[in-house]
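Working through the structure, step by step
Next come the chains, spelled out residue by residue.
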Amino acid sequence: MKEFVLDEPLTAEFLAFLKSFGTVKLYPHLKRQYFSFEQEHFISIKGFVGDANVEVRYRKEFLDLTGDYFHLLLFYYHEGEPGTRKIQGLGESIRGKMKIRLPAPGDKP
């Protein structure tokens with residue numbers, strides 16, 4: 001797990017961008033709106049909407065492949081639709097590498 005303090009707070013617009021890549025859950029019943037984002041086997045992000053502090057978790061066995069993914073999401077968010085396509089392409093490439101490492105169902109460890 002890593003905690004980041006960003007230059008600017010995470011916005012509802014950024015969370016809408018994240019929906020293109022995984023599952024975003026909002027918890028509006030709290031005093032401050034809490035969110036979580038998960039992209040299976042890649043990354044999970046948790047924090048409060050409008051806050052610059054965020055908790056990011058990576059799956060240990062894929063950290064070398066996904067360690068920069070959060071930074072890439074932040075970078076490509078500002079590019080709009082072209083950025084979304086770039087991140088989707090990167091995600092597909094990373095998933096291909098992950099499949100090589102994951103044992104097939106029924107394989108013995």
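Residues numbered from 1 in each chain as written. Predicted model: local features only at pLDDT ≥ 70, side-chain atom pairs only at ≥ 80, totals over all residues. Heavy atoms only, no water.

Things to note about the pairing of strand 2 (residues 23-27)
The sheet contact formed by strand 2 and strand 3 (residues 34-39) spans 5 bridges and is antiparallel. Bridge assignment links L26 to a residue of strand 3, and that residue is F35. (Pairing = 2+ DSSP bridges. Helix = DSSP H or I, 4+ residues; strand = E, 2+ residues; numbered from the N terminus.)

Thoughts on the nonpolar core
I43, I45, V54, F70 and L73 are the most contacted members of the largest nonpolar core, which has 26 residues in total. Put simply, the parts of the chain that give this core at least two residues each are helix 1 (12-18), strand 3, strand 4 (43-48), strand 5 (53-58), helix 3 (69-77) and helix 4 (81-101). Here F70 is in contact with F4, L6, I43, I45, V54, V56 and Y58, once residues within four sequence places are set aside. (Core = buried A, V, L, I, M, F, W, Y, C linked by side-chain atoms within 4.5 Å. Buried < 20%, exposed > 50% of the residue type's maximum accessible area, 1.4 Å probe, protein only. Contact = heavy atoms within 4.5 Å.)

Notes on the environment of S44
Considering the arrangement of structural elements, one finds S44 in strand 4. For S44, a relative accessible area of 14% puts it in the buried group. The spatial distance from the C-alpha of S44 to the C-alpha of Y27 is 16 Å, given a sequence separation of 17 residues. Discounting chain neighbours no more than four positions away, the residues touching S44 are F37, E38, E55, V56 and R57.

Some thoughts on the sheet that holds strand 1 (residues 2-5)
Taking strand neighbours across the sheet as the criterion, the 5 strands line up as 1-5-4-3-2 in an open arrangement whose pairing is antiparallel. Two strands lie at the open edges of the sheet, namely strand 1 and strand 2, each paired on one side alone. The average undirected angle you get between the axes of adjacent strands in this sheet is 20°. Pairing of strand 1 with strand 5 involves 4 bridges; the strand directions are antiparallel. Bridge pairing in strand 5 links K2 to V56. Most of the contacts of helix 3 go to strand 4, to which it runs at about 60°, and overall it touches strand 1, strand 3, strand 4 and strand 5. (Axes fitted to C-alpha atoms, helices over the stretch in contact; angles between N-to-C directions.)

Details of the pattern of salt bridges
Any two side chains of opposite charge can pair if their charged atoms end up close together. Tallied over the full model, the rule gives 5 salt bridges. The shortest N-O distance in the salt bridge between R59 and E61 comes to 2.2 Å. The partly exposed category is assigned to E61, whose relative accessible area is 39%. (Salt bridge = Lys/Arg side-chain N within 4 Å of Asp/Glu carboxyl O.)

Observations concerning helix 4
The end-to-end C-alpha distance of helix 4, which contains 21 residues, comes to 31 Å, matching closely the 30 Å that a straight helix rising 1.5 Å per residue would cover. Here helix 4 has its buried residues at G83, T84, I87, G91, I94 and M98. The buried residues of helix 4 occupy an angular sector of 95° when the element is viewed end-on, so they sit on one face. Facing away from the buried side of helix 4 by more than 90 degrees, the exposed set consists of E92, K99 and I100. (Expected span 1.5 Å × (residues − 1). Arc of directions from axis to C-beta.)

Regarding the pairing of strand 4
Summarising the sheet, strand 3 and strand 4 pair through 6 bridges and their orientation is antiparallel. In the strand pairing of strand 4, E38 is matched with S44. In this antiparallel pair of consecutive strands, strand 3 and strand 4, the connection spans 3 residues, and H41 shows a positive phi of 70°. Looking at chain direction, strand 4 and strand 5 are connected through 5 bridges and run antiparallel. Pairing of G47 across the sheet is with V54, part of strand 5. Two successive antiparallel strands, strand 4 and strand 5, enclose a turn made up of 4 residues, where G50 displays a positive phi of approximately 90°.

These figures come from the coordinates and say nothing about function on their own.
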